Amino acid sequence: MKYVDEYRDAESVRLLSEKINSIITRNWNVMEICGGQTHTILKYRIEELLPPQITLIHGPGCPVCVTPIEMIDKAILLALRPDIILVSYGDMLRVPGSNSDLLEAKSKGGNVKMIYSPLDAIKIAEQNPDKKIVFFAVGFETTAPANAFTIFEAERRGLKNYFMLCSHVLVPPAIEILLKSEKNSINGILTAGHVCTVMGYEEYIPLAEKYKTPMVVTGFEPVDILSGLLMVIYQLENGNCFVENQYGRAVRKEGNIHSKKIISDVFEITDRKWRGIGLIPQSGLKIKSKYSHYDAEIVFNIDTTGFDESDICIAGEILQGLKKPGDCPAFRKECTPEIPLGAPMVSAEGACSAYYRYTK
Amino acid sequence: MNANENYQGAVCPIPKIEYDKILMAHGGGGTLTHQLIKKIFISQFGNEVLNVLHDSAILKVESKRLAFTTDSYVVNPVFFPGGNIGELAVYGTINDLVMAGAEPLFLSVSFILEEGFLIEDLWQIVVSMKNASQKGNVKIVTGDTKVVDNGKADKIFINTSGIGIIPEGVDIGPQNAKPGDLIILNGRIAEHGIAILSAREGIEFESEIISDLAPLNSLVSLMLNESKNIHVLRDPTRGGLASTLNEIAAQSNIGIRIYEDKIPIAGNVKAACEIFGLDPLYIANEGKLVAFIDPADAEKVLNQMHAHELGMEASIIGEVTKNNPKTVVMKTAIGTNRIIDMISGEQLPRIC
């Protein structure tokens, strides 16, 4: 299959692995930001191909994982209301809230529908005029344009029963928090290719300079990851710290102008709590006040006081790259994909689920 | 004292299960399904026949061995590219019998119909079931019909049970895999699940993805004629190839090694999996089998399979190992070693 097979090619992988091994002279810690990259690394056991001097640190790039617990509690409460259909991407359904998750809400009679495309939420709203449809919009910059577009569509189609529970987050402020931290041990970064497809990589240039950390915009296939690593290691070995683009087949420096405009038309930047990390200033998107009649948090009065995190789960430290899933006492014991204690065990982009599935 | 307390002595305590309600994933063919079967069903029904957890029960009746199986079908949509719920119900049960090495003979068919379901659709389903039973060389000999109120079922559910006879000398079971056995797969994976998903989501590809739904009896009888050293047969339906191999690894207490580049998959199915973010190893098949065969016989069985329309792309995808018992490891296309776990959760509900 074009654009896939050549990036999973055994010979290219072998050559890249040899090249990395031949240029490395010191120990380096490299963080891959995106959970999609973490899964490729674990699924293809990329670490088998790397020299022992490279330590890969898994980053916070799993939108499902960082969605705050009170948002999940809100979604569950909304789903249980008889007048509401809550629509969500599949990954959110099993993420634990304080006492329950959306799948359990569904089995208790809550109306929860899984969708693949945000426009399906609009379709469901049109097909169910007597119900209120709440779309649980989570994600990074990658999904923000399509999610924002639903508000345009609702407006265009005159839908009065479409609402959004918005918990969007932005990557660069989270990277800065990690690099600023006293515990920071990251030498180089593979940034998330899909986020940069939308946003471009201009925002990363001042970060790379300020924190003397090379950053490479990287794709998601084994050849992408190894090329990205080669570029980062080459910079580190030569004392450089600029932004490079490995994922040129999808990413332009300025990003996707049209998508960026849709985002800025519908959303505005806000402070946002990240599950496991805490409040990060200017790190989220919220619905602009001119569209507040679509904002489920404003339209529905949802009280979720007293939310409660599992006290065993170390998702926060995992999301910050401070610990690995195997360091958690609950991993593979109390915490499994069937009974997850934390979101990283659920999501297709969560580090714990990657370790659970691809290691033993 | 109320009536319940009076009878407490006769009631078994409810086993500890992580969920207090049934979730869709309890029907997914993965970890939760296995928990439900073990903790709720086997704990109460368990006996030496059931506990084998074969695709069919094997019953000794005088000098003969009968295979007996049952399955319910709730697929949504009822009509899908490559078949419908009726054909699926006939072929699915035939295949469960065949996986025990049996020659399928008789089927029962029970319908649960939702009030308002179109007679025309029912007719089309029944005609295709007749054709399927002829193609699969079985007779439908008993049946039942129930109708429930509108909204209490989704259009049509079908249960089929089947009986077959296991020929002498055939001994096939999920606990029989032996180190050194070679693993044969008869063709391209993941077509049924993706066909259903595309139909349900209204997603079209350049070339339509069609379910691989087919009866496997004539292919298997060719294989059994060629070799008496077929140890395990299984059709990788719900949970896909990955879950089936994990079940066999666990039941035979052996390790399994497979090779990613040996597993056939169509380009459009692979593309669809990429788009949906699904792993084809976990997607259901309805006309596929894996066979664990003594290495001395593998080549000649493979040659026979290549001559059959359902085995033209059959290939050896891996082998049984002594090390890593109960574990499936796949050599990836880039040469690294990936552990293939059993499916967890529910990838695609109601695919059969």
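Because the structure is predicted, anything quoted here is derived from the model rather than measured. (Residues numbered from 1 in each chain as written. Chains lettered and ligands numbered in written order. Predicted model: local features only at pLDDT ≥ 70, side-chain atom pairs only at ≥ 80, totals over all residues.)

Take the overall build of chain B next. A tally of helices and strands in chain B yields nine helices and 14 strands. For chain B, the C-alpha radius of gyration of 20 Å lies close to 20 Å, the compact-globule estimate for 352 residues. If one aligns the C-alpha atoms of chain B with their principal axes, the spans along those axes are about 65 × 50 × 45 Å. For chain B, the share of sequence-separated contacts (at least 6 apart) that also reach a separation of at least 24 residues comes to 84%. (Helix = DSSP H or I, 4+ residues; strand = E, 2+ residues; numbered from the N terminus. Rg over C-alpha atoms; globule rule 2.2 N^0.38 Å. Contact = placed C-beta atoms within 7 Å.)

The pairing of strands in a sheet happens through backbone hydrogen bonds and is either parallel or antiparallel. Residues and elements named next belong to chain B. Taken in spatial order, the seven strands line up as E9-E11-E8-E12-E10-E13-E14 in an open sheet, and their pairing is mixed. Each end of this open sheet is capped by a strand with a single partner; those strands are strand E9 (230–234) and strand E14 (337–340). Adjacent strand axes in the sheet meet at a mean angle of 25°, parallel and antiparallel pairs treated alike. For strand E10 (residues 255–259) and strand E13 (residues 328–331), the ladder comprises four bridges, and the chain directions are parallel. By the bridge assignment, Ile-256 is partnered in E13 with Val-328. Packing against the sheet, helix H9 (residues 295–306) makes contact with strand E8 (182–185), strand E11 (290–293) and strand E12 (315–321), and its axis sits at approximately 20° to E8. (Pairing = 2+ DSSP bridges. Axes fitted to C-alpha atoms, helices over the stretch in contact; angles between N-to-C directions.)

Okay, the confidence of the model for chain B next. Residue and element names in this part refer to chain B. Across chain B, the average pLDDT comes to 91, with 94% of residues at 70 or higher. A low-confidence stretch, residues 1–9 stays under pLDDT 50, and its non-local contacts, those more than four residues away or across chains, total one contact. Reported confidence for the predicted complex is 0.78 by ipTM and 0.85 by pTM. (pLDDT = per-residue confidence, 0-100.)

Turning next to the interface of chain B and chain A. The interface of chain B with chain A comprises 24 residues on the first partner and 24 residues on the second. Of all the elements in the fold, those that place two or more residues in the side of chain B that touches chain A are helix H2 (31–45), helix H8 (267–276) and E14 of chain B. Residue contributions to the side of chain B that touches chain A peak at four residues, all from H8(B). Looking at the side of chain B that touches chain A residue by residue, the class counts come to seven nonpolar, 10 polar and seven charged. (Nonpolar A, V, L, I, M, F, W, Y, C, P; charged D, E, K, R; others polar.)

Residue and element names in this part refer to chain A. When cut into domains, chain A gives domain 1 (5–64 + 180–238), domain 2 (66–170 + 255–299) and domain 3 (315–358). Here the C-alpha centre of domain 2 lies 31 Å away from the C-alpha centre of domain 1. Residue-level contacts link 12 residues of domain 1 with 17 residues of domain 2. Counting residues per element, the ones that place at least two in the side of domain 1 that touches domain 2 are strand E2 (54–61), helix H3 (63–66) and helix H9 (193–199). In terms of residue count, the dominant contributor to the side of domain 1 that touches domain 2 is H9 (six residues). Looking at side-chain class alone, the side of domain 1 that touches domain 2 contains eight nonpolar, four polar and no charged residues. (Domains from an automatic or database assignment.)

Residue and element names in this part refer to chain B. Cis peptide bonds are those with omega within 30 degrees of zero, and the linkage from Asn-76 to Pro-77 qualifies with 5°. Here Pro-77 is to be found in the loop between strand E2 (64–73) and strand E3 (79–80). Backbone geometry at Glu-62 places phi at a positive 50°, although glycine is not the residue there. Mapped onto the fold, Glu-62 is located in the loop between strand E1 (57–61) and E2. Overall, Glu-62 belongs to the exposed group, with 5 C-beta atoms counted inside 10 Å. (Buried ≥ 20, exposed ≤ 12 C-beta atoms within 10 Å, placed from the backbone.)

Turning our attention to the sheet that holds E1(B). All names here are of chain B. Read from one edge to the other, the open sheet built from five strands follows the order E1-E2-E7-E5-E6, with strand pairing classed as mixed. Of all the strands in the sheet, just E1 and strand E6 (139–148) have a single pairing partner and so form its edges. Put simply, the sheet's adjacent strands are angled 20° from each other on average, direction ignored. Note that E1 and E2 share five bridges and pair antiparallel. Across the sheet, Leu-59 pairs through a bridge with Leu-66, a residue of E2.

This next bit is on the domain arrangement of chain B. By a frequent convention, interface size equals the accessible area lost on bringing the separate parts together. All names here are of chain B. Each assigned domain of chain B is listed with its residue range as follows: domain 1 (53–166) and domain 2 (182–340). Taking the mean C-alpha position of each, domain 1 and domain 2 sit 23 Å from one another. Of the residues lining the interface, 22 residues belong to domain 1; the matching set on domain 2 comes to 20 residues. No other element matches the seven residues that helix H3 (residues 85–98) contributes to the side of domain 1 that touches domain 2.

On to the packing of helix H7 (residues 144–156) of chain A against helix H12 (residues 257–266) of chain A. Residues and elements named next belong to chain A. For the pair H7 and H12, interaxial distance at closest approach is 8 Å and the crossing angle is 55°. Judged on the interaxial angle alone, H12 and H7 are oblique. Two packed elements cross with a definite hand, and for H7 against H12 that hand is left-handed. In this structure, H7 contributes Ala-144, Pro-145, Ala-148, Phe-149 and Ile-151 to the contact, and H12 contributes Ser-259, Ile-262, Ile-263 and Val-266. (Parallel < 35°, antiparallel > 145°, perpendicular 65-115°, else oblique. Left-handed = near helix turned anticlockwise from the far one by under 90°.)

This brings us to H8(B). Residues and elements named next belong to chain B. Along H8, the positions that sit buried rather than exposed are Val-269, Ala-272 and Cys-273. End-on, the buried residues of H8 take up no more than an arc of 100°, which puts them together on one face. Contacts from the buried residues of H8 go to helix H5 (191–201). Phi for Gly-277, located one or two positions after H8, is positive at around 70°. (Arc of directions from axis to C-beta.)

Residue and element names in this part refer to chain A. Within the secondary structure layout, Glu-11 lies in helix H1 (residues 10–23). When the 9 C-beta atoms within 10 Å are taken as the criterion, Glu-11 is described as exposed. A C-alpha to C-alpha distance of 49 Å links Glu-11 and Ser-107, two positions 96 residues apart in sequence.

A few words now on the nonpolar core. If you look at the biggest cluster of nonpolar residues, it comprises 120 residues, and the most contacted ones within it are Ala75(A), Leu86(A), Val134(A), Met164(A) and Leu165(A). In contact with Met164(A), other than residues within four places in its own chain, are Phe135(A), Ala137(A), Thr150(A), Ile151(A), Ile287(A), Tyr294(A), Asp295(A) and Ala296(A). Within the second largest apolar cluster, 88 residues are counted, among which are Tyr73(B), Ile125(B), Ile283(B) and Leu289(B). (Core = buried A, V, L, I, M, F, W, Y, C linked by C-beta atoms within 7 Å.)

Moving on, we come to the pairing of strand E4 (residues 112–115) of chain A. Pairing of strand E3 (residues 84–89) of chain A with E4(A) involves four bridges; the strand directions are parallel. For Tyr89(A), the partnering residue across the bridge sits in E4(A) and is Ile115(A).

This part is about H9(B). Residue and element names in this part refer to chain B. A rise of 1.5 Å per residue sets the reference length of H9, with its 12 residues, at 16 Å; its end C-alpha atoms lie 17 Å apart and thus fit the reference within 8%. All buried positions along H9 are accounted for by Ala-298, Val-301, Leu-302 and Met-305. Buried positions in H9, seen along its axis, are confined to an arc of 105° and lie on one side of it. Across from the buried face of H9, at angles greater than 90 degrees, the exposed residues are Ala-296, Glu-299 and Asn-303. Along its buried surface, H9 packs onto E8, helix H6 (217–226), E11 and E12. (Expected span 1.5 Å × (residues − 1).)

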